[in-house]
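Overview (structure and organization)
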Amino acid sequence: MSTGPIKVGIIGTGIFAYRHHRAYKAVGDDKFEIVACANRSKEKALAFAREVGIPENAVYTDPIDLINDPNVEAIDVLLPVQFNKEIVEAAVAANKHVMIEKPIAASLKDATDIVAASKRSKTVVAVNENWAYHPNVYAVAEFVRNGGIGEIINFTYDSARPYNPDLPYHATKWRQNPEHPGGYLSDGCVHDMAHLVPILGKFSSVAAFATSTHSVHVCEDTLATTIKLESGAIGVANFTFCSAGIKKMDLVIHGTKGSIHLIDEDKIELFDKSGQLVDNSCIISLKEKAPGNGLSDVEGEFSAFYHAVRHKKPLGVSTEEAYHHLAFIVACLESVRTEQTVKVDKI
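Please read all numbers here as calculations on a predicted model, not as lab measurements.

What follows deals with the side chain of His134. Topologically, His134 is positioned in the loop between strand E6 (125–128) and helix H6 (135–145). Judged by relative accessible area, His134 falls into the buried class, the value being 6%. Setting aside residues up to four positions removed in sequence, His134 forms contacts with His195, Glu265, Ser296 and Asp297.

Quick look at the structure:
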C-alpha cells in the first residue's frame, strides 16, 4: 500500500478549485499534495497553479493528459457534471482514484455507468456530496437505524436557502445552461438527500409540485413533495432557494418509540414515547464514528477520501447512494410534469 500524502491532480480550476485547495490544506499536507491541474483555458490553469505551487510542466489543457501523468495518484474532478462519466471511466482505466462533484451525472444512464465503473474499479470512486459529512447527521442516522425511535411512522422536512443573485456560482455557464435534470434544483437538492437518505432510508415514490420564482436560477427553484419510503413510512419534504434571508434545514421524525428534531446540522432534540424532551447524549456520542474523522463539509469528505484510499475505510456516500439521490430528483420532475405519483428508479 502506498504511504505519504495522496498526490492529487485537479481537473477544472474555476471557483470551487480554490475552495478545495483550502480544504486540502486544512486536512493536512501530510494527507494531500496537489501536484497537477488542468483547464481548457491554459491561462486559468496557470493562475491556479501559481496560487497552489504547481510546476508549469504539470499544467494541462487536456484532462486525459493529467490522468496519464504518472505523478498523479488521485483525480479531483471539478467539471460540469455531464463530463463525470467520461472522466471517471478514464481514471478507472488508468488505475487512478477519482472524486467527482454532485449530482453524480447529467442523466440516470450516465449515473448507472459510473456506478458500474466504481464496482469494477480497484481504486476509490467518490461522489463529493459534502453534506454527507456532517457528524450530527451521521449520529442521528446511526441512532435511527439502530431503532432509537422504533419504526419510522412519519417525517416532515423543510429546507430553505435564501435568494442571493450575487452568488458567483449562479454565473457559471453550466448552471445557466444546465444539462443535468432540474438544473439548480437538482444541484441543490442532492445536498438534502445526503442528509435525508442515511436517516430515513431510501425513497420509494413521490408526488411533487414545483414553481420557478427567480430567473437567475433558470429552472424551477421551489419543490414540494409527498414521499413514501421503501420502509412504508410516509412524509413530506419541501425545498426552496427563494427564502427572504432564511437559511434553515429542519427535520422532524416520528417513530413508534419517540421522535427526533434535527435543526440544520447543529441542534438535535430527542423526545421519548411520552413526548417528553430527554437527554440526547446517546445520539451525540455516535459522532465519534462519523466518516469525516471529526471534520465536516468539504474537509470531512477529503478526510474520508484519504482514509478510503490509504486504509480502505468507507466513504460517507457510495456511488449507488448518489445514484438514488439523483433518481429521486428525476422522479420529482416527472411527477411535476405529469401531476402523477412516480416511482423512484432503482439501479
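Taken from the UniProt record, the annotation "domain: Gfo/Idh/MocA-like oxidoreductase N-terminal" (unreviewed entry) applies to residues 6–128. End C-alpha atoms of residues 6–128 are separated by 17 Å, and the span's content is 42% helix alongside 23% strand.

As assigned here, the chain comprises domain 1 (6–129) and domain 2 (132–291 + 317–343). Placing the centre of domain 1 and that of domain 2 at their C-alpha centroids yields a distance of 27 Å. Listed as interface residues are 20 residues of domain 1 and, on the opposing side, 23 residues of domain 2. Broken down residue by residue, the surface that domain 1 buries against domain 2 is led by Lys102, Leu108 and Glu129, which jointly contribute 35%. Our enumeration of links across domain 1 and domain 2 arrives at 2 salt bridges. A salt bridge links Lys119 to Glu320; the shortest N-O distance between them is 3.9 Å. Sorting the residues of the side of domain 1 that touches domain 2 by element identifies helix H1 (15–27), helix H5 (108–120) and E6 as the ones contributing at least two each. Looking at the side of domain 1 that touches domain 2, the element that brings in the most residues is H5, giving 6 residues. Looking at the side of domain 1 that touches domain 2 residue by residue, the class counts come to 13 nonpolar, 4 polar and 3 charged.

Moving on, we get to the pairing of strand E7 (residues 152–162). Taken together, the 8 bridges between E7 and strand E11 (residues 248–255) define a ladder with antiparallel strand orientation. What sits directly across from Thr156, in E11, is Val252. In this sheet, strand E10 (residues 234–243) lies alongside E7 in parallel orientation, the contact comprising 8 bridges. Along E10, the bridge assignment pairs Tyr157 with Ala237.

Turning our attention to the pattern of salt bridges. Overall, the coordinates contain 15 salt bridges when judged by the stated rule. For Arg310, the salt bridge is made with Glu73, and the minimal N-O distance between the two is 2.6 Å. In this pair, Arg310 is assigned in helix H10 (residues 297–311) and Glu73 in the loop between helix H3 (63–67) and strand E4 (74–77), connecting sequence segments 237 residues apart. Residues Asp187 and Lys102 are paired through a salt bridge, measuring 2.9 Å at the closest nitrogen-oxygen approach. Taken together, the residues span a long stretch of sequence, with Asp187 in helix H8 (residues 184–200) and Lys102 in the loop between strand E5 (97–101) and H5 at a distance of 85 residues. You can call Asp187 buried: its relative accessible area is 4%. Here Lys102 falls in the buried class, since its relative accessible area comes to 8%. Salt bridges sharing partners connect three or more residues here, namely Arg19, Asp297 and Glu299.

Another aspect to go through is the state of the cysteines. In total, this model carries 0 disulfides according to the counting rule given. Residue Cys219 stays outside any disulfide, its sulfur separated by 12 Å from that of Cys189, the closest cysteine. Residue class for Cys219 comes out buried when judged on its relative accessible area of 18%. We note that Cys242 lacks a disulfide partner, and the nearest cysteine sulfur, in Cys189, lies 11 Å from it. The class for Cys242 is buried, based on a relative accessible area of 19%.

Quick look at the packing of H1 against H10 now. Between H1 and H10, whose axes approach to 9 Å, the crossing angle comes to 60 degrees. The crossing of H1 and H10 is right-handed. Between H1 and H10, the residues in contact are Phe16, Arg19, His20, Ala23, Tyr24, Ala26 and Val27 and Asp297, Val298, Glu299, Glu301, Phe302 and Ser303, respectively. Of the residues in the contact of H1 with H10, the class split is 7 nonpolar, 2 polar and 4 charged.

How each quantity is defined
- Residues numbered from 1 in each chain as written.
- Predicted model: local features only at pLDDT ≥ 70, side-chain atom pairs only at ≥ 80, totals over all residues.
- Heavy atoms only, no water.
- Helix = DSSP H or I, 4+ residues; strand = E, 2+ residues; numbered from the N terminus.
- Buried < 20%, exposed > 50% of the residue type's maximum accessible area, 1.4 Å probe, protein only.
- Contact = heavy atoms within 4.5 Å.
- UniProt positions renumbered as here; feature names shortened; annotations may be inferred.
- Domains from an automatic or database assignment.
- Buried area = accessible area lost by both parts, 1.4 Å probe.
- Salt bridge = Lys/Arg side-chain N within 4 Å of Asp/Glu carboxyl O.
- Nonpolar A, V, L, I, M, F, W, Y, C, P; charged D, E, K, R; others polar.
- Pairing = 2+ DSSP bridges.
- Disulfide = S-S within 2.5 Å.
- Axes fitted to C-alpha atoms, helices over the stretch in contact; angles between N-to-C directions.
- Left-handed = near helix turned anticlockwise from the far one by under 90°.

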